[in-house]
Number of protein chains: 2
Amino acid sequence: PSETHRNAAEARQNTLTKPPGSLGALERIAIQLAALQETERPCADNVQIVLFAGDHGVTAQGISAFPSAVTVEMLRNFASGGAAISVLARKLDARLEVVDAGTLATSEVAGVVTDKPCHGTRDFATTPAMTPDETAFAFDTGRRAVARTVDRGAHLLIFGEMGIGNTTSAAAVAAALLGKAANDLVGAGTGLDSDGIRHKARVIDAALDLHGLKAPDVPAADVLMKVGGLEIAALAGAIVAAAQSRIPVLVDGFIVTAAALAATRLNPSCADWLIYSHRSSEQGHRLILEALDAEPLLDLKMRLGEGSGAAVALSVVRLACALHGEMATFAEAHVSESL
Amino acid sequence: PSETHRNAAEARQNTLTKPPGSLGALERIAIQLAALQETERPCADNVQIVLFAGDHGVTAQGISAFPSAVTVEMLRNFASGGAAISVLARKLDARLEVVDAGTLATSEVAGVVTDKPCHGTRDFATTPAMTPDETAFAFDTGRRAVARTVDRGAHLLIFGEMGIGNTTSAAAVAAALLGKAANDLVGAGTGLDSDGIRHKARVIDAALDLHGLKAPDVPAADVLMKVGGLEIAALAGAIVAAAQSRIPVLVDGFIVTAAALAATRLNPSCADWLIYSHRSSEQGHRLILEALDAEPLLDLKMRLGEGSGAAVALSVVRLACALHGEMATFAEAHVSESL
């Protein structure tokens, strides 16, 4: 990020015809984006959304309200335009690419990029979710997705995810990386009741014990391999690659934020490139956001995933850019300044 | 509001390809709008913004960080497209009408509708802000603005305001209507320091004493006349007229919410037609929102007025409508439902 452009954007905000600071978070976002894009007038018109899907062996433990079959069924729904993120991408005129990063699908789904090392992870309640090779492949799935977007000149990237069982995997990853109890990080996912949530916490807790992930400072790559998911490793790879390509990322909800936490452990400097879109109602999100020192724009009690929270926030980010770039200054408008 | 359409919209939400409730506030807003528009699929494409401007005699007490001249200077800025609300209206493809409801301007400003009984209010620290006739005129200014929009078929109305000194007037109106101390309702306005805020509270407190507005259940019309403003009375009139025309209103920040409180006292049934857009960082807003049992969509620490918070929220309301209307159902997409 460029301090010169951050300062120029901040100075511009203070000349616009409004009381200083009165646009609140919209000023902060415009200034952050100006520093990242190295311009006085940031822009979020050209946006690429990449959604990574994967299946999870841990669903064998009965930790989800929906069956695994839904992951592949939803791949088709994304491609045919009926899912939430499909509707949002269309309305926002953003490109949507859906990547099968490791679902149970045994053949290619039309309109979906297939880039996976295997069909779903193993059940981490009994064995590591992935091999080292599978983990590295999944990480590179994310890198390859970013490489495909670079030529399209995106001002901003949004990463989304879908995968029955992935709030369990994301909670396990976050608990291990933050050294917290599973209980602090589990939530209802797609719709567990309180008994289901307690069971999910017990499954995670036992797995962290089994894999030796309760020690301090466990390496993020090890955590991703043992209790992560193919789409979660892909998200981490995509976030690191976006930062290395100097493209800001509008971070979605619980699962993407857990992947962002892993990415910042793998490569701390990628933290600068993350803009936090919303606080989800999935219980553990707040804790991960605090650990990342993140101040999300929205709090709409969403808990869908797919990148949907980031997509909704994109509409606000675009207005922040428009205000920053198009409002008149006090001098231009001949308006008196403060007494 | 139609219970039939509310129920149909709620039922539709539960058939869409997402965990029930996972779109959070976006579901609530789509359902509320469906009930108000008497349709299963609500829409917020056609939107009219009306901004009412007025000046305030109480600025003589030194309660604002900006001089009164700014109100008229900003009228020109609204009309020429350089103000925040001008930029937002343009980006959102919403119509913006600016009404001089009582500024100090002595001639018409190009691009602004002039509809005022006098040039600014009197200083309510020493005398009632308006006469009964002026108050009635201002109320009708709001009604006339709504009448002008009815033929244009707006799905939703946004009312904004501008007027140096008007957070002082709005805080006085709210304190009187809620029976609260001035101290609970004053904030920094355009940028007072803590000494300035204390002084502003003392001015309001003394005025409420002077005008006998500390009694319980003072009539809203009396409050508007004695410590209100021309644009605040116009806002109250516009809100009542919108509800009577069965057009939902997306309520902006502190001043519009204070006017909405007055409107609901004048005509309680207009409360049904109000959708709350954001919580502003003006201190007293939270208290007025609570009194109205309002749950705003956004909390972006904005405190600009002009209708800007409601305009930003409009982008989210539109996405809520798109998701509600365009997502596939489980049946349409052949996706399995919950276990």
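Structural data are supplied above this passage.
Residues numbered from 1 in each chain as written. Chains lettered and ligands numbered in written order. Predicted model: local features only at pLDDT ≥ 70, side-chain atom pairs only at ≥ 80, totals over all residues. Heavy atoms only, no water.

J.: Could you clarify how one ought to interpret helix α3 (residues 69-80) of chain B in this entry?
T.: Each turn of an α-helix holds 3.6 residues, which means side chains three or four residues apart point in the same direction. Taking 1.5 Å per residue as the helical rise, α3 of chain B with its twelve residues ought to reach 16 Å, and the 17 Å between its terminal C-alpha atoms agrees with that figure. Against α14 (330-333) of chain A together with β1 (47-54), α4 (84-92), β2 (95-102) and β4 (156-162) of chain B lie the buried residues of α3 of chain B. Of the residues one or two after α3 of chain B, G81 of chain B is the one with positive phi, at around 95 degrees. (Helix = DSSP H or I, 4+ residues; strand = E, 2+ residues; numbered from the N terminus. Expected span 1.5 Å × (residues − 1). Contact = heavy atoms within 4.5 Å.)

J.: Whenever I open this one, the relation of the copies chain A and chain B confuses me. Can you help?
T.: The two chain copies are connected by a rotation around an axis plus a translation along it. Once turned by 180 degrees and shifted 0.0 Å along the axis, chain A lies on chain B with an RMSD of 0.0 Å. Accordingly, the operation relating the two chain copies is best matched by a two-fold axis. (Least-squares fit on C-alpha atoms with pLDDT ≥ 70 in both.)

J.: Explain the side chain of E231 of chain B to me, please; I cannot follow it from the model alone.
T.: All names here are of chain B. Looking at the secondary structure, you find E231 in helix α10 (residues 230-244). Although buried, E231 forms no salt bridge, and the nearest oppositely charged side chain, K116, lies 11 Å from it. At 2.6 Å, the side chain of E231 and the side chain of H56 are in polar contact. Among residues more than four places away in sequence, those in contact with E231 are F52, A53, G54, H56, A101, E161, M162, G163 and N166. (Buried < 20%, exposed > 50% of the residue type's maximum accessible area, 1.4 Å probe, protein only. Lys, Arg positive; Asp, Glu negative; His and termini not counted. Salt bridge = Lys/Arg side-chain N within 4 Å of Asp/Glu carboxyl O. Polar contact = N/O pair within 3.5 Å; in protein donor to acceptor, adjacent residues only side chain to side chain.)

J.: Would you take a moment to explain the interface of chain A and chain B for this structure?
T.: How big an interface is tends to be stated in terms of accessible area lost as the parts join. Contacts between chain A and chain B engage 53 residues on the former and 53 residues on the latter. Buried area between chain A and chain B, summed over both chains or domains, comes out near 4,300 Å², and the portion from carbon and sulfur atoms is 69%. Looking only at chain A, the three residues that lose the most surface to chain B are F66, L300 and L319 of chain A, adding up to 13% of its buried area. At the boundary of chain A with chain B, the tally comes to four salt bridges. Among the ionic pairs, K91 of chain A bridges to E326 of chain B, the shortest N-O distance being 3.2 Å. Breaking the side of chain A that touches chain B down by element, the ones donating at least two residues are α2 (25-37), α3 (69-80), α4 (84-91), α13 (308-326) and α14 of chain A. (Buried area = accessible area lost by both parts, 1.4 Å probe.)

J.: Whenever I open this one, the sheet that holds strand β6 (residues 274-276) of chain A confuses me. Can you help?
T.: Residues and elements named next belong to chain A. Taking strand neighbours across the sheet as the criterion, the six strands line up as β3-β2-β1-β4-β5-β6 in an open arrangement whose pairing is parallel. Of all strands in the sheet, those bounded by a partner on one side alone are β3 (113-114) and β6. Across seven bridges, the pairing between strand β1 (residues 47-54) and strand β2 (residues 95-102) is parallel. The residue bridging L51 from the neighbouring strand is V98, located in β2. Along the sheet, α2 makes contact with β4 (156-162) and β6, crossing β6 at roughly 165 degrees. With respect to the sheet, helix α11 (residues 254-266) is in contact with β4, β5 (249-251) and β6, its orientation differing from that of β4 by roughly 115 degrees. (Pairing = 2+ DSSP bridges. Axes fitted to C-alpha atoms, helices over the stretch in contact; angles between N-to-C directions.)

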